[in-house]
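Given next are the chains, with one letter for each unit.
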Amino acid sequence: MSNVSHTRADITSHPDVSEMRERYARMLGGRDVALVDGPVFLVGLYCAISPWVLHFTASHPTLVQHNLIMGIAIAVLGLGFTVMPDRMYGLSWAICAMGIWMIISPWVVASSPDMGVILNNVIIGGLAVLLGLVCVAVAMKSNRT
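About the thresholds
Residues numbered from 1 in each chain as written. Predicted model: local features only at pLDDT ≥ 70, side-chain atom pairs only at ≥ 80, totals over all residues. Heavy atoms only, no water. Helix = DSSP H or I, 4+ residues; strand = E, 2+ residues; numbered from the N terminus. Buried < 20%, exposed > 50% of the residue type's maximum accessible area, 1.4 Å probe, protein only. Contact = heavy atoms within 4.5 Å. Areas by Shrake-Rupley, 256 points an atom, 1.4 Å probe, with all protein chains shown as cover. Patch = residues over 30% accessible without salt bridge, like charges linked within 9 Å, V, L, I, M, F, W, Y side chains within 5 Å. Salt bridge = Lys/Arg side-chain N within 4 Å of Asp/Glu carboxyl O. Polar contact = N/O pair within 3.5 Å; in protein donor to acceptor, adjacent residues only side chain to side chain. Expected span 1.5 Å × (residues − 1). Core = buried A, V, L, I, M, F, W, Y, C linked by side-chain atoms within 4.5 Å. Axes fitted to C-alpha atoms, helices over the stretch in contact; angles between N-to-C directions. Parallel < 35°, antiparallel > 145°, perpendicular 65-115°, else oblique. Nonpolar A, V, L, I, M, F, W, Y, C, P; charged D, E, K, R; others polar.

Undergrad: Would you mind going over the overall build of the protein in detail, with residue names and values included?
TA: Along the backbone of the protein there are 6 helices and 0 strands. Each of the 145 residues in the protein was classed as buried or not, and the buried ones make up 36%. Of the contacts made within the protein by residues no fewer than 6 positions apart, 64% connect residues no fewer than 24 positions apart. Taken as a whole, the protein presents about 9200 Å² of accessible surface, with 68% of it coming from carbon and sulfur.

So this is what it looks like as structure tokens:
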């Protein structure tokens, strides 16, 4: 039985230290998770709940369903970037496309939207486009290395 009471102060003398460092670097992949993935998820979450926050559920029911579905889709992409970054960063452009659609959707989906609804979707869409571009930049940076 091994002596578990003996602890080492550092791990530099461990025989697998180089392999562990390489694996750790591979898992991180040069990404800054807090910079990209969290805000994408939060933008999606806000998009999904925004009809109830701004109280336009009765005046624009089709836009309520639209924002709920788009918000869930954006949030799922944000979670996917966190859970499977190597597979999901190919979809970074999808967030940009969703953001552009969110900007123009009040005029396409709703009939005569008011200024609050328009501003809400334009701000959500602008943030989605911006965060999508950051995701693309991070993906391109991690593909180079």
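Undergrad: I'd like a rundown of a nonpolar patch on the surface, residues and numbers included.
TA: On the surface, Leu42, Leu45, Tyr46, Ile49, Trp52, Val53, Leu54, Leu68, Ile72 and Val76 cluster together to form a nonpolar patch covering roughly 860 Å² of accessible area. For the nonpolar patch, the elements supplying multiple residues, two or more each, are helix 2 (33-53) and helix 3 (61-83). Per element, the largest residue contribution to the nonpolar patch is 6 residues, and it comes from helix 2. Position of Leu45 among the secondary structure elements: in helix 2.

Undergrad: Break down unusual backbone geometry for me, citing the residues and quoting the values.
TA: Phi is positive for His55, which is not a glycine, with a value near 55 degrees. Along the chain, the position of His55 falls in the loop between helix 2 and helix 3. The exposure class of His55 is exposed, given its relative accessible area of 67%. The backbone phi angle of Ser112 is positive, close to 50 degrees, even though this residue is not glycine. With respect to the element layout, Ser112 can be found in the loop between helix 5 (92-109) and helix 6 (115-144).

Undergrad: Go over the side chain of Ser92 with me, naming the residues and quoting the values.
TA: Structurally, the position occupied by Ser92 is in helix 5. Taking the relative accessible area as the measure of exposure, Ser92 reaches 1% and is therefore buried.

Undergrad: Can you lay out the side chain of Ser50 for me, pointing to particular residues and giving the numbers?
TA: If you trace the backbone, Ser50 turns up in helix 2. In this structure Ser50 comes out as buried when scored by relative accessible area, which is 0%. Here the side chain of Ser50 touches Cys47 through a polar contact of 3.0 Å, landing on its backbone oxygen. Discounting chain neighbours no more than four positions away, the residues touching Ser50 are Phe56, Asn67, Asn120 and Ile124.

Undergrad: How would you sum up helix 3? Please name residues and give values.
TA: Taking 1.5 Å of rise per residue, the 23 residues of helix 3 would be expected to cover 33 Å, and the 33 Å separating its terminal C-alpha atoms lies within 8% of that figure. Restricting attention to buried positions, one finds in helix 3 the residues Leu63, Val64, His66, Asn67, Met70, Gly71, Ile74, Ala75, Leu77, Gly78, Gly80 and Phe81.

Undergrad: Let's hear about the nonpolar core: which residues, and what values?
TA: Among the nonpolar cores identified, the biggest contains 19 residues, and Val40, Phe81, Tyr89, Ile95 and Cys135 are the most heavily contacted of them. For this core, the element with the highest residue contribution is helix 6, accounting for 6 residues. Ignoring anything within four residues of it in the chain, the contact list for Val40 reads Ile74, Gly78, Ile95, Leu131 and Cys135. Core analysis: the next-biggest nonpolar cluster, separate from the first, contains 5 residues, Phe56, Leu63, Val64 and Ala110 among them.

Undergrad: Tell me about the packing of helix 3 against helix 5, and name the residues and values.
TA: Orientation of helix 3 relative to helix 5, taken along the N-to-C sense of each, is 170 degrees, at an axis distance of 11 Å. Comparing the axis directions of helix 3 and helix 5 gives the class roughly antiparallel. Residues Thr62, Leu63, His66, Asn67, Met70, Ala73, Ile74, Leu77 and Phe81 of helix 3 form the contact with helix 5, whose own contacting residues are Ser92, Ala94, Ile95, Met98, Trp101, Met102, Ser105, Pro106 and Val109. For the contact of helix 3 with helix 5, the class distribution of residues is 13 nonpolar, 5 polar and no charged.

Spatial relationships are all this shows, so hold off on functional conclusions.
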